[in-house]
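Spelled out from the first residue to the last, the chains are:
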Amino acid sequence: MKPLERRRNLLNELYFNNIVYVSKLANEFNVSEETIRRDLEKLEKEGIVERNYGGAKLLKSEDLPYSVRHTRNKDSKINIAKIINQFIDDDTSLFADSSSTVNETLKRFAISDKKIHIITNAVNALYEVNQSSLEVSSTGGKLLKYSSALVGPQTIESINKFNPDYAILSCKALNKQGSITDSNEDESHIKSLMIEKANKVILAVDSSKIDKTSFITFGHLTDIDYIVSDIEFDNEWKDLFEKYSIEILN
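All values reported here derive from a predicted model rather than from experimental measurement.

## A word on the overall build of the protein chain
- For the protein chain, the helix and strand inventory stands at ten helices and 15 strands.
- Relative to a compact globule of 250 residues, whose C-alpha radius of gyration would be 18 Å, the protein chain shows 19 Å and is just as compact.
- Projecting the C-alpha coordinates of the protein chain onto the three principal axes gives extents of approximately 55 × 40 × 35 Å.
- Residue pairs at least 24 apart in sequence account for 62% of intrachain contacts in the protein chain once pairs closer than 6 positions are excluded.
- If you sum the accessible surface of the protein chain, you get close to 12,500 Å²; carbon and sulfur atoms cover 44% of it.
- Once the 33 positive and 39 negative side-chain charges of the protein chain are each reduced to a mean point, those two points are 6 Å apart.

This is how it looks when you write it as structure tokens:
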């Protein structure tokens with residue numbers, strides 16, 4: 001098994017079980033325990049795991065760097081991106097936050113060769129779409145390295161200049177009280193501003209974030225016009241969305 005494939009499989013084990021054991025992984029991957037220890041040591045340095053005697057445990061998802069978060073629930077994010085891509089027409093302007101789900105959506109726009117003006121605080125997006133037909137404006141600002149997001153006064157000033165058709169956002173958690181929450185105060189403030197300045201708001205949320213609550217509330221379902229997910233919402237959620245006049249995109 002090649003190192004990259006082993007790393008991918010090791011991360012999958014962590015995501016599903018939250019904890020892994022050196023001896024079991026060595027057996028499963030047919031490598032030495034020392035090799036697994038080195039793999040876990042690298043993941044610890046990247047801030048993904050905390051090692052303990054005999055293995056390692058996954059850190060909380062909100063503590064994971066973007067380089068890891070964008071690989072989680074990858075298929076779900078791609079499905080969400082496809083739905084949003086079908087909904088957004090040419091000659092549209094929009095805010096795009098720094099979430100991995102929205103970044104996947106921008107990649108889908110780029111593949112589709114759409115003509116859209118995007119204003120984003122996501123550093124990764126600038127790289128992903130720079131060869132496409134998309135017109136991209138960076139907000140500028142202070143870089144949060146773990147999330148590859150731009151934040152701070154310069155970012156706020158830039159966002160306040162625009163009045164786009166849509167804001168496409170994601171979050172760490174959405175609960176049935178209608179609260180939309182995230183884990184970082186600076187990023188949450190940027191999301192709030194995008195909601196305030198956009199004409200319509202699309203919330204992209206995969207199943208791992210449903211019916212949960214994170215640290216900081218940056219919005220409410222009353223702020224949302226459209227919601228898109230990788231699951232079929234049950235009747236309780238549908239009633240809630242109907243209460244707030246939210247359309248489910250599918």
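## A short note on a negative patch on the surface
- Together, Asp89, Asp90, Asp91 and Asp113 make up a region of like negative charge exposed at the surface.
- Among the residues examined, Asp113 registers a relative accessible area of 45% and is labelled partly exposed.

## A look at the sheet that holds strand 10 (residues 173-174)
- Taken in spatial order, the three strands line up as 10-11-13 in an open sheet, and their pairing is antiparallel. The open sheet has two edge strands, strand 10 and strand 13 (216-220), and neither has a second partner.
- Pairing of strand 10 with strand 11 (residues 179-182) involves two bridges; the strand directions are antiparallel. Its bridge partner being in strand 11, Leu174 is matched across the sheet by Ile180.
- Here helix 9 (residues 185-197) sits on the sheet in contact with strand 11 and strand 13, set at roughly 10 degrees to strand 13.

Reading the values: the criteria
Residues numbered from 1 in each chain as written. Predicted model: local features only at pLDDT ≥ 70, side-chain atom pairs only at ≥ 80, totals over all residues. Heavy atoms only, no water. Helix = DSSP H or I, 4+ residues; strand = E, 2+ residues; numbered from the N terminus. Rg over C-alpha atoms; globule rule 2.2 N^0.38 Å. Contact = heavy atoms within 4.5 Å. Areas by Shrake-Rupley, 256 points an atom, 1.4 Å probe, with all protein chains shown as cover. Lys, Arg positive; Asp, Glu negative; His and termini not counted. Charge placed at Lys NZ, Arg CZ, Asp CG, Glu CD. Patch = residues over 30% accessible without salt bridge, like charges linked within 9 Å, V, L, I, M, F, W, Y side chains within 5 Å. Salt bridge = Lys/Arg side-chain N within 4 Å of Asp/Glu carboxyl O. Buried < 20%, exposed > 50% of the residue type's maximum accessible area, 1.4 Å probe, protein only. Pairing = 2+ DSSP bridges. Axes fitted to C-alpha atoms, helices over the stretch in contact; angles between N-to-C directions.

Limitation: the analysis is restricted to geometry and does not speak to function.
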